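So you can see what is in the structure, the chains are spelled out below.
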Amino acid sequence: MNLSATQTVMPTRDDLSFQETNCGYSLTDAQLEADRCLQCKHQPCVTACPIHVPIPQFIKKIGENDLEAAYDIITSRSNFPNFCSRVCHVEHQCQGSCVRAIKGESVAINHLERFVSDHMSQKRLIKQASIDKKIAVIGSGPSGLACASDLAQLGYQVDIYEKEAYAGGIVSYGVPEYRLPHRWVYLEIEKIKELGVHFFYNSILGNNINLDVLKENYDAIYIAIGEEKMVPLNVPGENLPHVYNSFNYLKKVFENKIDDLLDFKKVIVIGGGNTAMDCARCAKRFGADVTIVYRRLYEDMPASASEIQEASKEGINFEFLASPVEIREDSIILTKREVISTDKQGRNKTVEIPNSNYSIEADAIILALGSKPDMRLRNKLGIQTDPKGRVLINDDYQTSISNIYSGGDMVRGADTVVRAIDAGKKAAKNIHEKILEPH
Ligand code: SF4
C-alpha cells in the first residue's frame, strides 16, 4: 500500500502550446497511484460518480497490469473514458468523495482512468447480429454518440444527423486541444463508423431536416442537440465586431480560423465556468494579456479547481466582484460589486455598488455566460417542454411524441459531459427494450 498523502504527480508541459498540458502517467506512476486506493468496501467514489463506474475494481486491475480488464470495467459504464478522464469535474464527483481525501489528497481517479483509456482506446467495438430496425440520432455530441454507439453495437442500423460539418459537438469544438486532444474524439467517431453508423453532416433540425419526415423513415429517434443559444450580456456595445461569444470563439479555434484572434493584445473574458477558462487560456496561447471578469469571488466560480489553477499559473488575471455595464471599441466599462448574502447553493450573492464604474482597456471581449434553449426551434418541433424550454421526458427518456426520445443538455440544461453520455446510454437501453417489447 502506498501511504503517501499526496497524489503521484502528473507530468505537465508549461510551454503554453496547444499540445496537451497533462502528459499522462507512465505505468510505474499509474501503479504507484493505484496502490494508494484503499479498495473501500462501501465505495463512496462509485456512488459519487454520475455513471457509477466500478472505480476500485478498475484500479485493482491497473495494479495487476491487466489494462484490458481495467478498460472493460470502465467501458461497462462509460463509452468514452478518454473524454471523461479529461473533462469530468472530479472534485465534485468521484474524487470529492474519496476516502483518501480525508487525510490528504484523493486518489487521482481521473489520471488513472486516462492512463487506461490512452492505452486501450484502440480496442474496437463489436456489433451483434443485425436487427432490422432503423434509428435516427440527431446531434453528434457525447450524448448522441453514446446512444448511437450502444444501439449500433446491439445490431441496429443507426444514422446520425449533425448540424456542423464534423462530429463530436462540445467535445470537438468546445474543449481546446491542450485539454482534450481531438485525435481521441476522431478515434471514437471512427470506431462508431466501423459499426456501420452513417453520419449526415450540415443537417439542421427544423431547417433542412424535418422531424415528421424522419418519423416516417425510422423506428425511433433520439434528439440530443443541447442548448442552441448563448446567454446574452444585454449591455450597450454587445454587438460590436470585437465581441465574441464563447461558442463562436472556441469554434474558430477548433476550425483554425484564427487570423483575427492572433491580433488581440488585451482580451477580457466574462464568466467563471470552464468555458470561460478555455477561452481565456486559448487567448493567452495567442499571445494576449487576458483578464477574466467575474461578478462574484474566486470560491464561487463554477469552473473546476484544476482549470482555475491552470489559468492562474499561465498568467491569466482575475477581476472579481465586477460586472460589465458597457462595451466600447477599445475598452470595457465595469462596475464594482459587493457581497450582500449567500444564495441557496451557499455562493456569495452580490449587488452593484452605485457610482463605482471604471474602465479596462480591451481589444476583444469574449462572453462565456452559458447557453439556453432556442424557444422558436423547440416550439416548432412540437415536443412538450417546461417553461424554461427544457424538453420533458418520462422515465424511459421518451418525449411527448411517441418514438421520439431525448436527453443531455436539451433536457437537463447545460450539464457535464458524463451526464450527457449517461443520458445517451439510458435512452439507447429504453429504445431497445421498447422495440423488443412494444407493449
Ligand atoms: Fe479507492 Fe478512494 Fe474509491 Fe476508496 S474512495 S475505493 S480509496 S478511489
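The residue numbering used here restarts from 1 in each chain and proceeds along that chain's sequence as written. A pLDDT threshold of at least 70 governs which residues receive local features in this predicted model, and a stricter bar of 80 or more applies before side-chain atom pairs are shown or counted, although totals over entire chains, interfaces and linings include all residues. Hydrogen atoms and water are omitted, and side-chain values are computed over all heavy atoms in the structure.

Axis lines are fitted to C-alpha atoms, over the contacting stretch for helices. Their N-to-C directions set the angle, which ranges from 0 to 180 degrees. Runs of H or I in DSSP of at least four residues are treated as helices and runs of E of at least two as strands, each being numbered from the N terminus. It is the contact of helix α1 (residues 27-34) with helix α3 (residues 55-63), at a shortest axis distance of 8 Å, that shows an interaxial angle of 130°. It follows that α1 is oblique to α3 by the angle criterion. Here the hand of the crossing between α1 and α3 comes out left-handed. Contact with α1, carried on its side by Ala-30, Gln-31 and Ala-34, involves Ile-59, Ile-62 and Gly-63 of α3 and no other residues of that element. An angle counts as roughly parallel when it lies under 35 degrees, as roughly antiparallel when it exceeds 145, as roughly perpendicular when it falls between 65 and 115, and as oblique in every other case. Should the near helix be turned counterclockwise from the far one by less than a right angle, the crossing is left-handed, whereas a clockwise turn marks it as right-handed. Between two residues, a contact is recorded if the distance between any of their heavy atoms is within 4.5 Å.

Take the pattern of salt bridges next. A carboxyl oxygen of Asp or Glu within 4 Å of a side-chain nitrogen of Lys or Arg is what we treat as a salt bridge. For the structure on display, the rule yields 34 salt bridges. Note that Glu-68 is salt-bridged to Lys-123, the shortest N-O span being 2.8 Å. Taken together, the residues Glu-68 in helix α4 (residues 67-75) and Lys-123 in the loop between α6 (109-120) and β1 (134-138) connect sequence positions 55 residues apart. Whether a residue is buried, partly exposed or exposed follows from its accessible area with a 1.4 Å probe, protein chains only, as a fraction of its type maximum: under 20%, in between, or over 50%, in that order. The exposure class assigned to Lys-123 is partly exposed, which follows from its relative accessible area of 27%. One continuous salt-bridge network, built from bridges that share partners, spans Arg-179, Asp-278, Arg-281, Arg-285, Glu-307, Glu-310, Lys-313 and Glu-314.

So, about a positive patch on the surface. Among the surface-exposed residues, Lys-229, Lys-372, Arg-376 and Lys-380 lie close enough to one another that they form a single positively charged patch. When its relative accessible area of 40% is taken as the criterion, Lys-229 is described as partly exposed. Surface patches are defined over residues having more than 30% relative accessible area and no salt bridge, joining like charges when they lie within 9 Å and nonpolar side chains (Val, Leu, Ile, Met, Phe, Trp, Tyr) when within 5 Å. Note on areas: Shrake-Rupley, 1.4 Å probe, and residue coverage restricted to the protein chains presented here. When charges are counted, neither His nor the chain ends are considered; positive counts come from Lys and Arg and negative counts from Asp and Glu. For the purpose of locating charges, the reference atoms are NZ of Lys, CZ of Arg, CG of Asp and CD of Glu.

Let's shift gears to the site of the ligand. Think of it this way: one heavy atom of a residue within 4 Å of a molecule or strand is enough to make that residue near it. Close to the ligand lie Cys-37, Leu-38, Gln-39, Cys-40, Pro-44, Cys-45, Pro-56, Cys-98, Val-99, Arg-100 and Ile-109. As a working rule, the residues Ala, Val, Leu, Ile, Met, Phe, Trp, Tyr, Cys and Pro are called nonpolar, Asp, Glu, Lys and Arg charged, and the rest polar, with Gly in that last group. Broken down by class, the residue content of the shell around the ligand amounts to nine nonpolar, one polar and one charged.

Running from amino to carboxyl end, α4 crosses α6 at an angle of 110°, the nearest separation of the two axes being 9 Å. Classed by the angle they form, the pair α4 and α6 counts as roughly perpendicular. Contacts from Leu-67, Glu-68, Ala-70, Tyr-71 and Ile-74 in α4 reach Glu-113, Phe-115, Val-116, Ser-117, His-119 and Met-120 in α6. Split into classes, the residues belonging to the contact of α4 with α6 amount to seven nonpolar, two polar and two charged.

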